[in-house]
Amino acid sequence: MNLNVNSVDSLVTEIQGLSGSPQDVSHLNNLLKQSEDVIRSQAATFAPCLTRLDPAVHSLGYLYVLYGLTLHYDLAC
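Residues numbered from 1 in each chain as written. Predicted model: local features only at pLDDT ≥ 70, side-chain atom pairs only at ≥ 80, totals over all residues. Heavy atoms only, no water.

Caption draft 1: Structural detail: the packing of helix α2 (residues 22-34) against helix α5 (residues 59-72). Close contact between α2 and α5 brings their axes to 10 Å; oriented N to C, the two are set at 15°. Taken as axis vectors, α2 and α5 run roughly parallel relative to one another. Both α2 and α5 take part in a crossing whose hand is right-handed. In contact with V25, L28, N29, L32 and K33 of α2, α5 contributes L60, G61 and Y64. (Axes fitted to C-alpha atoms, helices over the stretch in contact; angles between N-to-C directions. Helix = DSSP H or I, 4+ residues; strand = E, 2+ residues; numbered from the N terminus. Parallel < 35°, antiparallel > 145°, perpendicular 65-115°, else oblique. Left-handed = near helix turned anticlockwise from the far one by under 90°. Contact = heavy atoms within 4.5 Å.)

Encoded structure:
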């Protein structure tokens, strides 16, 4: 599965929109689990999107992107 820039933007928009209620966060968690490989393989595309996410508000999505970056660039400890 390949993501284009519009799809990356869509996922970032989902992260922003689903970071509120517990039900939304649960749905976001499922969405991010399904997108894990894509986030990792498209890490270079996702990296600039971190500036659009507030770690305090969008922590789940932010951490998924950071985790994908560490795997993509083999930075895991």
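Caption draft 2: Examining α5 more closely. When the terminal C-alpha atoms of α5 are compared, their 20 Å separation across 14 residues agrees well with the 20 Å that a helix rising 1.5 Å per residue should span. Considered for burial, the residues of α5 that qualify are G61, Y64, V65, G68 and L69. Summarising the axial view, the buried residues of α5 lie within an arc of 135°, below the 170-degree limit, and thus occupy one face. Looking one or two residues past α5, D74 carries a phi angle of roughly 55°, positive in sign. (Expected span 1.5 Å × (residues − 1). Buried < 20%, exposed > 50% of the residue type's maximum accessible area, 1.4 Å probe, protein only. Arc of directions from axis to C-beta.)

Caption draft 3: The pattern of salt bridges, seen in detail. Inspection of every chain in the model, using the stated rule, returns two salt bridges. As a salt-bridge pair, R52 and D9 come within 2.8 Å of each other at their nearest N and O atoms. With R52 in the loop between α4 (43-46) and α5 and D9 in helix α1 (residues 5-17), this residue pair connects regions lying 43 residues apart in the sequence. Close ionic contact of D37 with R40 constitutes a salt bridge, the shortest N to O distance being 2.9 Å. Placement of both D37 and R40 in helix α3 (residues 36-41) is noted, with a separation of three residues, approximately one turn of the helix. Judged by relative accessible area, R40 falls into the partly exposed class, the value being 29%. (Salt bridge = Lys/Arg side-chain N within 4 Å of Asp/Glu carboxyl O.)

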